[in-house]
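Overview (structure and organization)
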Amino acid sequence: MTKVIKRVGIVFFVLVISCLLVVGCLFASTNIALQTETLKTQSSGEIVDSEKATDVGYTPDVILTGTTDEKAALWSGAIQKSFDGNNKEIKVLLDSDWVAHEDTYFFGVGKGFYNGSGSITVPHGATIIFDLNGHTLDKKQTTKMSYGSIFTVLNGGTLTIIDSKYDSELMFNTYEENKDKPLATQINALRALPFGKITGGACMDTGGGIYIQSNAKLTFNGGMIIDNIYAPAGGAICAAGELIVNGGLFMNNCATKTSGAAFHCTNNTSISNSIIIGNKSSTESGAIMVAYSINFEMNNVVFSNNTSKLNGGALNVFHENTKVTINDCVFYKNESEMSGAGICSSGITTITNCNFVGNVANNYGGAIFNNTNSSCTIDSCLFENNSSAESGGGIYNSDNIALMSISNSEIKGNTAKYGGGICTFADITSIKNTIITGNHATENAGGIHTSNLRISGATVIKDNSSDGKYDDLYLTQDIKVEVVGLLTSEGKDAHIQVDLNDNYNLFETFTLGYTYYGNGNQNPSKYFFTKDSKKVAVLKNEEVIFDLKEKSIYDFVYLDNGYRKTYTENDKLHGYNDSELERYVLGNIKPNTSVNEFVNNLAPLGIDKNNLQLSDSKGKTIYQNGAVDSGINSAIADNGKEMAIGTGWYIQTNGETIYLSVLGDVNGDGRISASDVSYLREIASDNALYESLSVEKKLASMVINKGEITTADAEIVRNVIDKIITINIFF
């Protein structure tokens, strides 16, 4: 019995060992099979893990590796995987440069490639995250083809492009270090950055780098789209679908037919934290064309050295209902052969905290051209050293219904033929708390050329220049400045030089709303001034007008329907609007005015005593070119009782003759005496005698100024002689 038990135990032990060996062989066989299956499925685009992916911080679903055709097969597998997962998001990692076949320019054929062009395609029902991983997608095209983009995102497809090697700070620092070097040097420095690149596209009908159909979506989160040589619209990206750019470099792309050398956008678009540089359009929009009525937003984008043959060296907003928001952007050295080297806008545009520097337009609007039926709101922006060949070196606001508001900004160093800083012919241009200085016009209006301007706050318009006559705020005939608020802000005051056109009515105020908006308690000379040092801003009927700083004690007088009238009370200015008068007469001269007293008070009238000849009523020279005549005792010239300026005396200066009239002095001796009383009584009773008098004697006779000479005039003169009243109360 014992032997039987031992034999059974030995048999059992052998069986156990045999089973363990079989299980071990099966495990090893299964493990080998699993490893083999992994290698097989890798070629169809399905992996679980890879050592190659450890440096990107995530686990890719597909790694594109190997030859061009091997990458194509892997890409097709990634698309199928997204299909199989019902639009599942698939992460694709580019392991090395993917270069299209040089003979066909195809990346591949079949699933995931556009038929006829070999463009990498994201079809309907696929969602892909594509990591450039510092590598290059190069289509290698030297001639254009239909749908010749590197990527095509079809309706219902979703593509997100990332670049694990992208470094935004490095990109912006490299740009800043090179931005003032030749453009070729800038491009080479940026091209050398170790980022992923999308390049080599040449398309005859869509975008050069990427084309997004209308119901597709692209999100671009880093990398470069550069050197795409041909596209009718959107050299980098043509976006009929939704586009979101969160960072990237878009450089040296071309648009050749429609517009938008970098971007052509016809759907909602957001672009942030990017550099758009050195792109060229042979038509509109050197960088971006916003073509349809969409929402378009940009934040922290640099536009540099982009060029267009037509409008919009950097950005062209083409549709009047497009809503555009631009924040913290830089427009630097862009060029347009027509208008708006920085921005040409026909939409509803809001621009905040942006810099426009060194942009050049060959027509209108060196930095911004705001088109007809558009509105543009600008806040906290800098416009410096921009230029246009015609009008609006900094900003041009077009005619008709074009609305513009500028606040808290600085406009300096810009140049144009007209309106070095701003030229506006629009319905409304509003400026608040803005400094406009140091601009230049080669013709007129170095600061602002305007047909309708509203101002408020501590706006400064001064120290601009022109090769013509008008330097700062230039107002043509009948144009007024609308004051729409207080001309002060946070302890600072407005300071505005106004240059009125030669045809401007000097007796018309040049403001509207000055007092209404709360400035009436302030002397307008605090805010407004003119380069004519003899004039000062004063209030007239609650508005502002320029008047002489120093008022003359004399005034020109004239006859009007039997009445004596003064220039001052009737908005006349000698040499400006009195050419219809048969004789120029200077009045308001007191009796017993000495020669020296008289000539020394002529300066406020613009009459230089060193350039005149004063003669008495008989033609005898009394005073000439700064001195009494040699035949007259100089002491007498200071004695109004011995020699007084009399009615009928006259001045000859600057080629004209001005006669003198002393009220009440009818006989012309410069004094009021009994003989004047007798003469006035005689004139009052003899109309023919009155009609025979010279104009200056008629004016001297009209003491009461009731439309005719009466004995009452003689009685007034009698009261003057008796020192009951003074004659000057009748001036």
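Coordinates for the structure precede this section.
Given the structure is predicted, the values throughout are model-derived calculations rather than measurements. (Residues numbered from 1 in each chain as written. Predicted model: local features only at pLDDT ≥ 70, side-chain atom pairs only at ≥ 80, totals over all residues. Heavy atoms only, no water.)

**A short note on helix α4 (residues 183–191)**
Three or more residues of α4 are buried, namely Q186, I187 and L190. Viewed along the axis of α4, the buried residues span an arc of 95 degrees, placing them on a single side of the element. (Buried < 20%, exposed > 50% of the residue type's maximum accessible area, 1.4 Å probe, protein only. Helix = DSSP H or I, 4+ residues; strand = E, 2+ residues; numbered from the N terminus. Arc of directions from axis to C-beta.)

**A few points about the layout of surface pockets**
Volume-wise, the largest pocket comes out at about 1200 Å³. In terms of lining, the largest pocket is formed by 45 residues, of which the most central are L506, K535, D547, L548 and L573. The set of elements that each furnish at least two residues to the lining of the largest pocket consists of β47 (495–500), β50 (535–540), β51 (543–548), β52 (555–560) and β59 (656–660). In terms of residue class, the lining of the largest pocket is built from 20 nonpolar, nine polar and 16 charged. Each residue belonging to the lining of the second largest pocket can be placed in one class, and the counts come to six nonpolar, three polar and three charged. (1 Å grid on protein atoms, 1.4 Å probe; cavity = no way out; pocket = protein on both sides within 12 Å on 5 of 7 lines; lining within 4 Å. Points joined across faces, edges and corners; volume = space filled by probe spheres on them. Nonpolar A, V, L, I, M, F, W, Y, C, P; charged D, E, K, R; others polar.)

**Observations regarding the packing of aromatic side chains**
Throughout the structure, instances matching the rule amount to 26 aromatic pairs. Centroid distance F331 to F356: 4.6 Å. Interplanar angle 5 degrees. Geometry classified as stacked. Placement of the pair is F331 in strand β23 (residues 330–332) and F356 in strand β27 (residues 355–357), with a sequence separation of 25 residues. For F356, a relative accessible area of 0% puts it in the buried group. In this structure an aromatic cluster arises from ring pairing among F510, Y514, Y527, F528 and F546. Seen from the ring of Y332, K179 lies directly overhead, with NZ or CZ sitting 5.4 Å from the centre. The ring of Y558 has K572 sitting right over it, with the charged end atom 5.6 Å from the ring centre. (Phe/Tyr/Trp six-rings, centres within 6.5 Å; stacked < 30°, edge-to-face > 60°. Lys NZ or Arg CZ within 6 Å of the ring centre and 35° of its normal.)

**Quick look at the side chain of T621**
Tracing the backbone shows T621 in strand β56 (residues 621–624). Polar contacts involving the side chain of T621 include one to the side chain of Q613, which spans 3.2 Å. Leaving out residues up to four positions away in the same chain, T621 has contacts with Q613, L614, S615, D629 and I632. (Polar contact = N/O pair within 3.5 Å; in protein donor to acceptor, adjacent residues only side chain to side chain. Contact = heavy atoms within 4.5 Å.)

**Quick word on unusual backbone geometry**
Keep in mind that most residues, glycine aside, have a negative phi and that most peptide bonds are trans. In this model, S285 sits at a positive phi of 65 degrees, which is unusual for a non-glycine residue. By the element assignment, S285 lies in the loop between β17 (280–281) and β18 (288–290). Positioned with a positive phi, N588 is a non-glycine residue whose angle comes to about 55 degrees.

**Description of a nonpolar patch on the surface**
Nonpolar side chains collect at one region of the surface, where V484, Y516 and Y517 lie side by side and expose about 330 Å² of accessible area between them. Residue position: V484 is located in the loop between β44 (481–483) and β45 (488–489). The partly exposed category is assigned to V484, whose relative accessible area is 30%. (Patch = residues over 30% accessible without salt bridge, like charges linked within 9 Å, V, L, I, M, F, W, Y side chains within 5 Å. Areas by Shrake-Rupley, 256 points an atom, 1.4 Å probe, with all protein chains shown as cover. Salt bridge = Lys/Arg side-chain N within 4 Å of Asp/Glu carboxyl O.)

**Concerning the pattern of salt bridges**
Tallied over the full model, the rule gives 18 salt bridges. Here K140 and D138 are joined by a salt bridge, their closest N and O atoms 3.8 Å apart. Given the relative accessible area of 15%, D138 is considered buried. Measuring nitrogen to oxygen at the nearest pair gives 3.8 Å for the salt bridge that ties D493 to K526. With D493 in strand β46 (residues 492–493) and K526 in the loop between α5 (515–519) and β49 (528–529), this residue pair connects regions lying 33 residues apart in the sequence. Take D493: its relative accessible area is 31%, and that puts it in the partly exposed class. According to the relative accessible area criterion, K526 is partly exposed, its value standing at 36%.

**Details of empty space enclosed by the protein**
In this structure the tally under the stated criterion is two cavities of 30 Å³ or more. Taken as a whole, the largest cavity encloses approximately 70 Å³ of empty space. Lining the largest cavity are V557, R564, G587, N588, I589, S661, V662, L663, L699 and F731. Of the residues that constitute the lining of the largest cavity, the class distribution is six nonpolar, three polar and one charged.

**Considering the sheet that holds β52**
Spatial strand order, β53-β52-β54-β59-β58-β55-β56-β57: eight strands in an open sheet with mixed pairing. Each edge of the open sheet carries a strand with a single partner, namely β53 (563–566) and β57 (627–628). (Pairing = 2+ DSSP bridges.)

**Description of helix α3 (residues 168–178)**
Within α3 the residues assigned to the buried category are M171, F172, T174, Y175 and N178. Looking straight down α3, one finds that the buried residues subtend no more than 160 degrees of arc, so they occupy a single side. Pointing more than 90 degrees away from the buried face of α3 are the exposed residues E169 and E177. Close packing links the buried residues of α3 with α4, β13 (242–251), β16 (269–277), β19 (295–304) and β23.

**A word on the nonpolar core**
Membership of the largest hydrophobic core comes to 98 residues, with the highest contact counts inside it found for W75, F130, I237, F263, I288, M298 and F528. In terms of residue count, helix α2 (residues 68–84) provides more of this core than any other element does, five residues in total. Contacts of F528, omitting those with residues within four sequence positions, involve I455, V483, L487, I496, V498, F510, T511, Y514, A537, V544 and F546. Counting residues in each nonpolar core, the second largest holds 26 residues, with F556, Y567, L586 and M643 among its members. (Core = buried A, V, L, I, M, F, W, Y, C linked by side-chain atoms within 4.5 Å.)

**Describing the pairing of β51**
The pairing of β50 with β51 spans six bridges and is antiparallel. Across the sheet, the residue bridging to V538 is I545, located in β51.

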